[in-house]
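Topology and contacts: notes
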Amino acid sequence: MTEKKEDFEAIRQIYTVLVLHFMDGLTQQAIASQLNLSTSKVNRLITQGRKLGMVRIDIESPFQRLVELEQRLMDIARLVSTVVTPTVPGSAESTLQQVGRAAANQLLETLRDGDIIAITGGKAVSAVVDNLQPERAFDVTVVPLTGGVQGKFYTDVNHLATQLADRLGGRTMLVHAPLFAESREQRDMLMDMASIREVFDLARKASVALVGIGSIRTPGSSYYDLHPISAADRDALFSQGVSGEMMAHLIHADGSVADFPLNSRLVALDPTELIRCPQVIGVAAGTEKVLPIQAALNGRFLKSLVVDEVTAAAVLTAMESKQNVA
C-alpha cells in the first residue's frame, strides 16, 4: 500500500510539472520556484513524464484544410513534399504571388552551399524569384534548363537565372541560344556547342530544379509566348492528346513526351533527364494548370509541388476519381 501511495505521489508530481510546463507555459526555473524544487529535479520529472508516455503533443494549423490537401496530394502522387497555399478569389496575380512566396521559402529551406540550381522560365518561376528573401548569401550556381525567348522578362530564362543568382549571392552560367532552333539539325549543332553543352551538363547534375508547369489550353498560355502557333495547330495538339508543357516540351496526359515536331527543335533538356535530381520543385497556380499538373505527376517528373488550394483540390478530385475507376 505504501509503495502504491509513493507511486501515486510521484506520478502526481510529474503530472503537475508537465501541466505547468506544457499547458501553462512556465519555464523550468519558474516551476522549480513555485514548487520548491531544484531546476534539475524539474528537468528529471519532465524527462520521466516523456518516458512514461504522459506527454502527447498535437499541433494543428489554422489552415488545417490546406495541410490535409497537402497530405492527400503527397499520398496519391507519391511526392516527397507539397505546399498548398490559399487561393485569392478574383485575383489570379495575387494567387500566383502567394504560390511564388511559398515556393521561394521551400527553395531556401532546401538549399545548401555548393548546390547547382537548374531553372526554367515562366511566370511561376518569375514569381518565385521576385519573392525570394534569403537571410544570407549562398554559394550556389544557377543554370537554365532551356534556351531563352527574348521579349518578356519571364520567357528569358537567362534573365531569371541571373536574377536568382544575384538574390542568392551566387553565380550563374547562361545558355546563349534560342529555345527553338530552326531545324532538328540546327538544334543538334547548338546542343553540341561546348559553351551550351557545359551548361546543360551542369543542369543534369543539379541538386535542385525549379520548374514551371505550362498550360496549352488557354489562348494566354505562356507556351504561346515561347512559340506562337495558329488555332489549327492548337487543335492538332489537343487531338493528339497533349495536356501541357514542361521545360517547353509538350507532354501527354500520361506524362510521356509528345512526338511532335516542335519538341524535336528544342534547345533544352528533356524532362526525363531530371530523374536523378534530388529535388524537383514544380510551381503552378490557376485551374488552367490542372491537366498539365496531372500530366507532370503522371510522368513522375516532380519530387515536390507548390500550388494554390482551388487548383490542388481540382487535381486531387481528378486523380482520385481516376484511381477509383481503375
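Residues numbered from 1 in each chain as written. Predicted model: local features only at pLDDT ≥ 70, side-chain atom pairs only at ≥ 80, totals over all residues. Heavy atoms only, no water.

All right, on to the pattern of salt bridges then. Evaluated as defined, the whole model comprises nine salt bridges. Ionic pairing is found between D188 and R184, a salt bridge with its closest N-O pair at 3.3 Å. Of this pair, D188 and R184 both sit in helix 8 (residues 184–191), four residues apart, roughly one helical turn. Judged by its relative accessible area of 42%, R184 is partly exposed. (Salt bridge = Lys/Arg side-chain N within 4 Å of Asp/Glu carboxyl O. Helix = DSSP H or I, 4+ residues; strand = E, 2+ residues; numbered from the N terminus. Buried < 20%, exposed > 50% of the residue type's maximum accessible area, 1.4 Å probe, protein only.)

This next bit is on the packing of helix 6 (residues 123–130) against helix 7 (residues 157–168). As a packed pair, helix 6 and helix 7 sit with axes 10 Å apart at the nearest point and diverge in direction by 20 degrees. As the angle between them shows, helix 6 and helix 7 are arranged roughly parallel. The two elements helix 6 and helix 7 cross, and the hand of that crossing is left-handed. Residues V125, S126, V129 and D130 of helix 6 form the contact with helix 7, whose own contacting residues are L160, Q163, L164 and R167. For the contact of helix 6 with helix 7, the residue count by class is four nonpolar, two polar and two charged. (Axes fitted to C-alpha atoms, helices over the stretch in contact; angles between N-to-C directions. Parallel < 35°, antiparallel > 145°, perpendicular 65-115°, else oblique. Left-handed = near helix turned anticlockwise from the far one by under 90°. Contact = heavy atoms within 4.5 Å. Nonpolar A, V, L, I, M, F, W, Y, C, P; charged D, E, K, R; others polar.)

On to helix 5 (residues 92–110). In this model helix 5 runs 27 Å from its N-terminal to its C-terminal C-alpha over 19 residues, within 8% of the 27 Å that 1.5 Å per residue would give. Taken residue by residue, helix 5 has T95, L96, Q97, V99, G100, A102, A103, A104, Q106, L107 and L108 as its buried positions. (Expected span 1.5 Å × (residues − 1).)

Counted under the stated rule, the structure contains zero aromatic pairs. In this structure, R136 is placed above the aromatic ring of F138, and the distance from its NZ or CZ to the ring centre is 4.1 Å. (Phe/Tyr/Trp six-rings, centres within 6.5 Å; stacked < 30°, edge-to-face > 60°. Lys NZ or Arg CZ within 6 Å of the ring centre and 35° of its normal.)

Now for the sheet that holds strand 4 (residues 171–172). Taken in spatial order, the seven strands of this open sheet run 1-9-8-5-2-3-4, and their pairing is parallel. At either end of the open sheet lies a strand with only one pairing partner, and these are strand 1 (81–85) and strand 4. Sheet topology places strand 2 (residues 116–119) next to strand 5 (residues 208–212); three bridges connect them, and they run parallel. Looking at strand 5, one finds that I117 is bridged to V208. Against the sheet, helix 6 touches strand 2, strand 5 and strand 8 (279–283), its axis set at about 125 degrees to strand 5. (Pairing = 2+ DSSP bridges.)

A word on the confidence of the model for the protein. On average, the protein scores 90 in pLDDT, and the residues at 70 or more come to 95%. Taken as a whole, residues 1–5 scores under 50 in pLDDT and shows zero contacts with residues more than four places along the chain or in a different chain. (pLDDT = per-residue confidence, 0-100.)

What follows is about the nonpolar core. Formed by 47 residues in total, the largest nonpolar core has its most connected members in V211 and L302. Put simply, the parts of the chain that give this core at least two residues each are helix 4 (64–77), strand 2, helix 8, helix 9 (194–204), strand 5, helix 13 (290–298), strand 9 (304–308) and helix 14 (309–325). In this structure, V211 is in contact with T120, V125, L145, M246, M247, L274, V280, I281, G282, V283 and L302, ignoring residues within four places of it in sequence. Core analysis: the second largest hydrophobic core is formed by 31 residues, A103, A104, F138 and V283 among them. (Core = buried A, V, L, I, M, F, W, Y, C linked by side-chain atoms within 4.5 Å.)

Closest axis-to-axis distance for the helix 2 (residues 28–35)/helix 3 (residues 39–51) pair is 8 Å, and the angle between their directions is 110 degrees. In terms of orientation, helix 2 and helix 3 fall into the roughly perpendicular class. Contacts between helix 2 and helix 3 pair Q28, Q29, I31 and A32 from the former with T39, V42, N43 and I46 from the latter. Broken down by class, the residue content of the contact of helix 2 with helix 3 amounts to four nonpolar, four polar and no charged.

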